[in-house]
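# Tertiary structure, described
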Amino acid sequence: MLSVVAVFIPSFFMVGITRELFIPLSLAVGFAMVASTTLASTLVPIMAIWLLKDEPAEPSEKGDGAIAGAAEPIAHKKEHKPDFIDALKDRLNDLLLTIMPMRLVIIGVYLLVSISSVLLLYNSIGKELFPDSASSQFRVRITAPTGMRVEALERRVLGFLEQVKAEAGAGNVESSLGYAGQQPPMFPKAQLFMDQWTTPGVIDVQLKESANIDMPRFKDNLRTRLAKALPDTLFSFEPGDLVSQIMNLGSPTPLSVQITGHNLVTDKIFAGKVLKEMAKLSNLRDLQWGQPLDYPTVDIDIDRELAASLVSPPKTLACPCSQRSFLVVLST
């Protein structure tokens with residue numbers, strides 16, 4: 001047991017992400033080995049003696065001579081000296097004889113203590129599908145109204161940082177890093193949308209560990225502040241540190257609902273109903289659309305008969321060069 005547990009001792013001297021990953025594993029293996037060794041040294045021998053009792057010897061048919069001969073090797077056995085296990089068994093036996101008359105009272109007290117402990121510790125018991133790590137780093141995705149220019153989004157990002165500093169306290173924000181208005185590499189879009197219409201901003205914030213800020217409560221208070229300061233902007237808290245991202249299996253949110261169909265308008269109406277029903281659940285936070293559905297659009301109707309009578313064939317109206325020229329004119 002000591003050899004196995006000693007392998008995990010260096011994990012207590014680690015720092016950062018590796019400590020967060022290996023400390024729970026080390027404690028789990030250590031407690032499991034201690035429990036296994038304790039049971040193997042106490043309960044297992046007692047149960048073995050109790051279940052594997054020697055059967056009484058059957059009387060021999062050869063008379064007293066055979067019995068005397070059989071008793072001879074027994075006389076050469078060494079007398080067993082009581083050891084620690086024998087003393088432990090005697091104490092356990094005395095304890096059982098003492099508490100057995102009060103077994104109903106003991107069972108009632110055990111159930112009362114167990115139920116009371118569960119009720120008192122309910123708030124501290126993990127109930128999340130992807131439990132949070134003990135990190136003071138978080139990430140926020142900031143989504144401005146569709147069609148807003150990048151300069152306006154930048155002002156909202158700066159306003160968000162001011163609200164974070166006000167909620168965390170003076171000097172408790174260690175660093176912040178992110179982008180606003182740039183094209184996220186995991187969501188490629190046409191350059192047309194990058195020129196005039198904004199994309200979500202993503203900000204990583206690192207709070208000081210010495211501040212000992214309760215992150216779930218901090219996030220709820222920050223949501224209240226942001227709803228008052230920036231009511232037209234949506235905010236979504238995502239895993240910021242590496243441990244939380246690994247625990248979330250790379251997903252930015254624990255819950256994601258995808259709706260597909262043949263008609264975009266019908267899909268949006270149905271998705272709005274789903275979003276409305278999900279908003280009734282008090283445990284859900286930061287409900288919003290995964291992608292904007294109200295980008296400015298231009299409907300183009302082509303009269304193919306009239307286009308066929310032109311010098312240019314109709315197919316040139318859909319070629320990439322014509323699209324680029326048309327889009328450039330619109331973007332200016």
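Residues numbered from 1 in each chain as written. Predicted model: local features only at pLDDT ≥ 70, side-chain atom pairs only at ≥ 80, totals over all residues. Heavy atoms only, no water.

## Side note on the sheet that holds strand S2 (residues 173-179)
Counted only if it meets this: Being paired, for any two strands, means DSSP has found at least two bridges between them. The secondary structure listing takes helices from DSSP runs of H or I that are at least 4 residues long and strands from runs of E that are at least 2 residues long, numbered from the N terminus. Interaxial angle, 0 to 180 degrees, is taken between N-to-C directions of lines fitted to C-alpha atoms, where a helix line uses only the stretch in contact. Note on contacts: a residue pair qualifies if any of its non-hydrogen atoms lie within 4.5 Å across the two residues.
Taken in spatial order, the four strands make up an open sheet running S2-S3-S1-S4, and their pairing is antiparallel. Of all the strands in the sheet, the pair left with one neighbour each is S2 and strand S4 (234-239). Going across the sheet, the axis of each strand differs from the next one's by a mean of 25 degrees, ignoring polarity. As paired elements, S2 and strand S3 (residues 201-207) share six bridges and run antiparallel to each other. Within S3, the residue paired with leucine 177 across the bridge is aspartate 204. Contacting strand S1 (137-143), S2, S3 and S4, helix H7 (residues 150-168) runs over the sheet at an angle of about 20 degrees to S3.

## Some remarks on the packing of aromatic side chains
The geometry of an aromatic ring pair is captured by the separation of the ring centres together with the interplanar angle, meaning the angle of the planes. For clarity, the cut-off: Between 30 and 60 degrees the pair is tilted, below 30 it is stacked and above 60 it is edge-to-face, where a pair is any two Phe, Tyr or Trp rings, Trp via its six-membered ring, whose centres lie within 6.5 Å. Burial classes follow relative accessibility: with a 1.4 Å probe on protein chains only, a residue under 20% of its type's maximum area counts as buried, one over 50% as exposed, and anything between as partly exposed.
This structure, assessed with the given rule, holds three aromatic pairs. Ring centres 5.8 Å apart and planes at 40 degrees place the aromatic pair phenylalanine 138 and phenylalanine 237 in the tilted group. Placement of phenylalanine 138 in strand S1 and of phenylalanine 237 in strand S4 is noted, with a sequence separation of 99 residues between them. Its relative accessible area of 0% is what places phenylalanine 138 among the buried residues. Here phenylalanine 160 and phenylalanine 235 contribute two aromatic rings whose centre-to-centre distance is 5.8 Å and whose plane-to-plane angle is 25 degrees, an arrangement assigned as stacked. In this pair, phenylalanine 160 sits in helix H7 while phenylalanine 235 sits in strand S4, placing the two residues 75 residues apart along the sequence.

## Thoughts on helix H9 (residues 215-229)
The condition is simple: To estimate how far a helix should extend, the number of its residues minus one is multiplied by 1.5 Å. It is the directions from the helix axis to the C-beta atoms that the arc portrays.
End to end, H9 covers 20 Å across 15 residues, agreeing with the expected 21 Å (1.5 Å per residue, within 8%). Those residues of H9 that sit buried are Met215, Phe218, Lys219, Leu222 and Leu226. The buried residues of H9 occupy one face: seen down the axis, they fall within an arc of 95 degrees. In H9, the exposed residues that point more than 90 degrees away from the buried face are Arg217 and Lys228.

## Some remarks on the pattern of salt bridges
Heads up, the rule is: The term salt bridge refers to a pairing of a side-chain nitrogen on Lys or Arg with a carboxyl oxygen on Asp or Glu at a separation within 4 Å.
Going through the model one piece at a time under the given rule, you end up with ten salt bridges. Note that arginine 285 and aspartate 220 form a salt bridge whose closest N and O atoms lie 3.5 Å from each other. Here arginine 285, found in the loop between helix H11 (264-278) and helix H12 (304-308), pairs with aspartate 220, found in helix H9; they are 65 residues apart in sequence, far enough to count as distant. In this structure arginine 285 comes out as partly exposed when scored by relative accessible area, which is 41%. Aspartate 220 sits in the partly exposed class, given a relative accessible area of 32%. Of the charged contacts in the structure, one is a salt bridge between glutamate 277 and lysine 280, with a shortest N-O distance of 3.3 Å. Residue lysine 280 is classed as exposed on the basis of its relative accessible area, which comes to 58%. A network of salt bridges, in which partner residues are shared, links Asp220, Arg223, Arg285 and Asp286.

## Some details on unusual backbone geometry
Most peptide bonds are trans, and most residues other than glycine sit at a negative phi. Although it is not a glycine, asparagine 212 sits at a positive phi angle of roughly 55 degrees. Turning to its location among the elements, asparagine 212 is positioned in the loop between S3 and H9. At aspartate 286, a residue that is not glycine, the phi angle is positive and equals roughly 55 degrees. Tracing the sequence through the fold places aspartate 286 in the loop between H11 and H12. Taking relative accessible area as the criterion, aspartate 286 reaches 23% and is therefore assigned partly exposed.

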